[in-house]
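Residues per chain are reported as follows:
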Amino acid sequence: MIVASWNVNSISVRLPQVLDWITANEPDILCLQETKVVDERFPKAEFEELGYQLAVYGEKTYNGVAIASKLPLANVQKGFKVEVGPGSRRLIAADAGPLRILNVYIPNGSAVGSDKYYYKLAWLSALKNHIDESYRRDDLLIMCGDFNIACEDRDIYNPEEVAGTIMCSDVERKALNAVKDWGLIDVFREHHQDSGLYTWWDYRMGAFRRNVGFRIDHIWASRPLAPLCKAILIDREPRKLERPSDHAPVFAEFDVTIAS
DNA sequence: ATGGTGGATGGTCCA
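Residues numbered from 1 in each chain as written. Chains lettered and ligands numbered in written order. Predicted model: local features only at pLDDT ≥ 70, side-chain atom pairs only at ≥ 80, totals over all residues. Heavy atoms only, no water.

### A few points about the overall build of chain A
Move 1: When helices and strands are counted, chain A shows six helices and 14 strands.
Move 2: Compactness check: chain A gives a C-alpha radius of gyration of 17 Å against a globular reference of 18 Å for 260 residues, within 12% of the reference.
Move 3: Here chain A holds 260 residues, and 57% of them are scored as buried.
Move 4: By sequence separation, contacts in chain A at least 24 residues apart represent 70% of the contacts at least 6 residues apart. (Helix = DSSP H or I, 4+ residues; strand = E, 2+ residues; numbered from the N terminus. Rg over C-alpha atoms; globule rule 2.2 N^0.38 Å. Buried < 20%, exposed > 50% of the residue type's maximum accessible area, 1.4 Å probe, protein only. Contact = heavy atoms within 4.5 Å.)

Dropping the structure here:
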């Protein structure tokens, strides 16, 4: 079973690229972030024509998450039970066959010490509580999405230059590690140890051409599920297209049987 | 050097 995650930076703009990518790669589940449309305007029919069910939780202009799945989705949950602050739409969860999917768009945080940074930390705390309340350690859980945090220096092109700044400050890394300590595994690092492997490159300054990137989009798996991951890749090809998202999709294959 | 690029918007805000 193939599970993918992609921050598309507007599903309206990126729809043709996303549909092409789905056709080429045939993921069973695709988690999207930064869809930037209200639910009524999400292009559901185009996904349904390719055989996918949709669960969407979006808003105008900002944020927005969605799950497209070939398997029927059940127990769809949108947002935290009690939202953090103004309550932007950044979390959607559902069960798909044997898997429990948690798709998150963790706040960017803008700059260390800013109001948005403290919102990011509060959101991470709420995420930890949400997982504690919602899942069991023996669930086949995937938490994926745009985490907006590079966990280690090898996830960053120029760690010395950006040390302590947004997406790699110690405090936000610790807050994310507190989530991870529930029992989640960064599946990508089970399969790849190299630096230079990124999922996001700024649109500016020719960052992609120079591979000035960050690995901030992740697929994490619970302890019983992680060993079933047979392969995981970042697909850089869509980032090379005209009018790309600034993020590349990440996708993982899990050797799980689908009960009928 | 606080720049630069892209998306949604219709003023700027966000990333």
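### Regarding the environment of Asn177
Move 1: Here Asn177 lies in helix α5 (residues 170–180).
Move 2: Taking relative accessible area as the criterion, Asn177 reaches 36% and is therefore assigned partly exposed.
Move 3: As a C-alpha pair, Asn177 and Lys128 span 49 residues in sequence and 9.8 Å in three-dimensional space.

### Examining the protein's contact with DNA strand B
Move 1: Near DNA strand B, the surroundings consist of 14 residues, among which Ser10, Val13, Lys60, Lys116 and Arg204 are the closest.
Move 2: A share of 74% is what sugar and phosphate atoms reach among the atoms of DNA strand B within 4 Å of the protein.
Move 3: At a separation of 3.5 Å, a sugar or linking oxygen of DNA strand B approaches a polar side-chain atom of Thr61.
Move 4: When grouped by side-chain class, the residues that make up the surface near DNA strand B number four nonpolar, four polar and six charged. (Near = heavy atom within 4 Å. Polar contact = N/O pair within 3.5 Å; in protein donor to acceptor, adjacent residues only side chain to side chain. Nonpolar A, V, L, I, M, F, W, Y, C, P; charged D, E, K, R; others polar.)

### A word on the packing of aromatic side chains
Move 1: On inspection of all chains with the given rule, the structure shows eight aromatic pairs.
Move 2: On the basis of an interplanar angle of 40° and a centroid distance of 5.7 Å, the ring pair of Phe42 and Phe47 is categorised as tilted. An identical accessibility class is assigned to Phe42 and Phe47; each is buried.
Move 3: Judged by centre distance (5.7 Å) and plane angle (75°), the rings of Tyr117 and Tyr118 are edge-to-face.
Move 4: A relative accessible area of 4% means that Tyr117 is categorised as buried.
Move 5: One aromatic cluster is present, built from ring pairs that chain together Trp6, Trp21 and Phe251.
Move 6: Lys180 extends its terminal NZ or CZ atom over the ring of Trp220, reaching a point 5.1 Å from the ring centre. (Phe/Tyr/Trp six-rings, centres within 6.5 Å; stacked < 30°, edge-to-face > 60°. Lys NZ or Arg CZ within 6 Å of the ring centre and 35° of its normal.)

### Overview of the packing of helix α3 (residues 115–134) against α5
Move 1: Orientation of α3 relative to α5, taken along the N-to-C sense of each, is 10°, at an axis distance of 9 Å. One way to sum up the angle between α3 and α5 is to call them roughly parallel. Residues Tyr117, Lys120, Leu121, Leu124, Leu127, Lys128 and Ile131 of α3 form the contact with α5, whose participating residues are Val171, Glu172, Ala175, Leu176, Ala178 and Val179.
Move 2: Its residues assigned to classes, the contact of α3 with α5 comprises 10 nonpolar, no polar and three charged. (Axes fitted to C-alpha atoms, helices over the stretch in contact; angles between N-to-C directions. Parallel < 35°, antiparallel > 145°, perpendicular 65-115°, else oblique.)

### A closer look at the environment of Met143
Move 1: Structurally, Met143 can be placed in strand β8 (residues 141–146).
Move 2: Overall, Met143 belongs to the buried group, its relative accessible area being 0%.
Move 3: When the C-alpha atoms of Met143 and Pro86 are compared, they prove to be 23 Å apart, with 57 residues separating the residues in sequence.
Move 4: Excluding residues that lie within four positions of it along the chain, Met143 makes contacts with Leu102, Val104, Leu127, Ile131, Val179, Leu184, His218, Ile219 and Trp220.

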